[in-house]
Structures are given as structure tokens and as C-alpha cells.
Amino acid sequence: MRKIFLLGSSSYLIQEIGRYLLKDKKYEVIFISRKKINKFENSKYYKTDYSTTSISKIFKKELNKKAHKPIIIFGNVITQSELFINIDEKFINNIINVNIILPIRVVNIVLKNYFRASPIFFNISSIRVNPSVGTSIYGSSKLFMENFFGNLALEYGNMDCIFKSIRIGISDGGLAKTLSDKVIKAHFQRLAKKDFVKPLEIYKTIEFELERSSSNGKVVYCDNGYF
């Protein structure tokens, strides 16, 4: 059975993806989070501070280098809705640490110890990489991760390591709850399908892309046709 590690599991979206993965019954789903989260049956949970020591222990306990091909999905994120001039140094440090440094650290640990197991990495990105008001650091952090994954695919693709970013639109139940009606209306005007992205669609996109090496390093869109 394939092992899927869901990082940032306290988020609504990652929990929904985990729920669909568990229904599939093809995967062993392992939730990883800083916070206490809602538990699903037939899954594992680890609370972590995301330090190198903590993450290394989790992978060492869960992975056999010869038997397992790990799948790692990064859903850890701090979002932003304030103008850049209104945020402070603490927020800047937090968003950079969670959105950039944390996933870099995890990828580094996995590649150093398990790259022969052909790991698969998914970065949950966002259409907010496109310039907009109030998303300066958040959008830039997501764009950084897309570029980072593209570079890693070029370095390690020949070793059967896969790196992909799923650029999603606004999903119902998650980000949509924090946005004003005005922002949502403006967003819908730029969609081919004028609706929120359903978590099921995101799950189906990940499932389809799991074994498709031809899109290694690419950004895969799941955004209801955002223009």
C-alpha cells in the first residue's frame, strides 16, 4: 500500500483531500500538523514542530527505503489579506518560514534519505500567484515553490523523483469563508466555470497526476478556468 503524507493537515482543504484518499482504500494516509486535528478512521496522525529532528523521526518510523514509494503533499500555508504596508516583521517571518522554509526542509530530508525510493511531491499552489492587492508575500511564496519544484524536477527527474504544483482556485469551505462578497464576485468574473473549486476536483487532479511523469516539474491547473 502506498503511503501518503499530508503536511499542514489542520487545513480544511488538506483534511478533505485526506478524506477522499481514505475512501479510495489504495493508500495509507498519514496526517502531519502542528495543531490538533480532527481524526479519521484507518489513518495515522503526527503532531510536530516541523523541526529537522521531528520530521526525520516520522519518516524513519514510517518508511522502509526498499518497500515504500512515499507521496508527500504540502498543504502547509499561511495566507495573507492585508496590504504589505500593514503587516509586521513577525508576520513576514512566519509566512516565509511556513510557506517556504518548512517545505524546503522536508524535501531536503526526503531526498537525502529516500531519493532511491522515487518519492513524489505535490505542492498545493494558488491562483493568487498572479499579482493582486493584499497578497504580495503569500503569492510570491507560492510562485517561489512552483519554481523550486520545477528546478528539482530538472535535477532529479531522471532518478524517477516527481515534483508537481497544483495551482488551485478558490475552494468552497476553505479560503472562500475569509473573502468578502466583492472579492468573490470579481474572482467569478474571471472564471470559465463560475463556481468554487470543489475539494473532490483537487483530489481527482492529484490522483490523475500521481503516476504521470510526463508533467514532472510542471504547474497543473485546477482553477475552473481562471483567466
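The rules behind the values
Residues numbered from 1 in each chain as written. Predicted model: local features only at pLDDT ≥ 70, side-chain atom pairs only at ≥ 80, totals over all residues. Heavy atoms only, no water. Helix = DSSP H or I, 4+ residues; strand = E, 2+ residues; numbered from the N terminus. Rg over C-alpha atoms; globule rule 2.2 N^0.38 Å. Buried < 20%, exposed > 50% of the residue type's maximum accessible area, 1.4 Å probe, protein only. Contact = heavy atoms within 4.5 Å. Polar contact = N/O pair within 3.5 Å; in protein donor to acceptor, adjacent residues only side chain to side chain. Core = buried A, V, L, I, M, F, W, Y, C linked by side-chain atoms within 4.5 Å. Phe/Tyr/Trp six-rings, centres within 6.5 Å; stacked < 30°, edge-to-face > 60°. Salt bridge = Lys/Arg side-chain N within 4 Å of Asp/Glu carboxyl O.

Caption draft 1: Geometry of the overall build of the chain. When helices and strands are tallied, the chain shows six helices and seven strands. For the chain, the N- to C-terminal ordering of α and β elements is β-α-β-β-α-β-α-β-α-β-α-α-β. Over its C-alpha trace the chain gives a radius of gyration of 17 Å, about what one expects of a compact globule, namely 17 Å for 227 residues. Its C-alpha atoms give the chain principal-axis dimensions of about 50 × 40 × 35 Å. The buried share of the chain, taken over its 227 residues, is 50%. Sequence separation of at least 24 residues holds for 70% of the intrachain contacts in the chain that already meet a minimum separation of 6.

Caption draft 2: Quick look at the side chain of Lys3. As for its placement among the helices and strands, Lys3 is situated in strand E1 (residues 2-7). Within polar-contact distance, the side chain of Lys3 engages the backbone oxygen of Glu62 at 2.6 Å. Excluding anything up to four places from it in sequence, Lys3 contacts Glu28, Ile30, Lys44, Glu62, Leu63, His68, Lys69, Pro70 and Ile71.

Caption draft 3: The nonpolar core, seen in detail. Ranked by internal contacts, the top residues of the largest apolar core, which has 28 residues, are Phe5, Leu7, Phe59, Val107, Phe121 and Phe163. Mapped onto this core, the elements with two or more residues apiece are E1, strand E2 (27-33), helix H2 (52-62), strand E4 (71-74), helix H3 (89-114) and helix H4 (136-156). At seven residues, H3 tops the list of elements feeding residues into this core. Not counting chain neighbours up to four residues away, the residues in contact with Leu7 comprise Ile14, Ile32, Tyr50, Ile72, Ile73, Phe74, Gly75, Asn76, Leu102 and Val106. Counting residues in each nonpolar core, the second largest holds 27 residues, with Leu13, Ile14, Ile17 and Ile71 among its members.

Caption draft 4: A look at the packing of aromatic side chains. As enumerated under the stated definition, the model contains 12 aromatic pairs in all. Ring centres of Phe121 and Phe163 lie 4.9 Å apart, and the angle between their planes is 5°; this geometry places the pair in the stacked category. With a gap of 42 residues between them, Phe121 in strand E5 (residues 120-126) and Phe163 in strand E6 (residues 162-168) connect regions that are remote in the sequence. Residue classification places Phe163 among the buried residues on the basis of a relative accessible area of 0%.

Caption draft 5: Expanded view of the pattern of salt bridges. In this structure the tally under the stated criterion is 12 salt bridges. Its salt-bridge partner being Lys26, residue Asp24 comes within 3.9 Å of it at the nearest N-O pair. The class of Asp24 is partly exposed, set by a relative accessible area of 23%. A residue is classified by how much of its surface remains accessible, and Lys26, at 44% relative accessible area, is partly exposed. Across the salt bridge formed by Lys164 and Glu209, the nearest N and O atoms sit 2.7 Å from each other.

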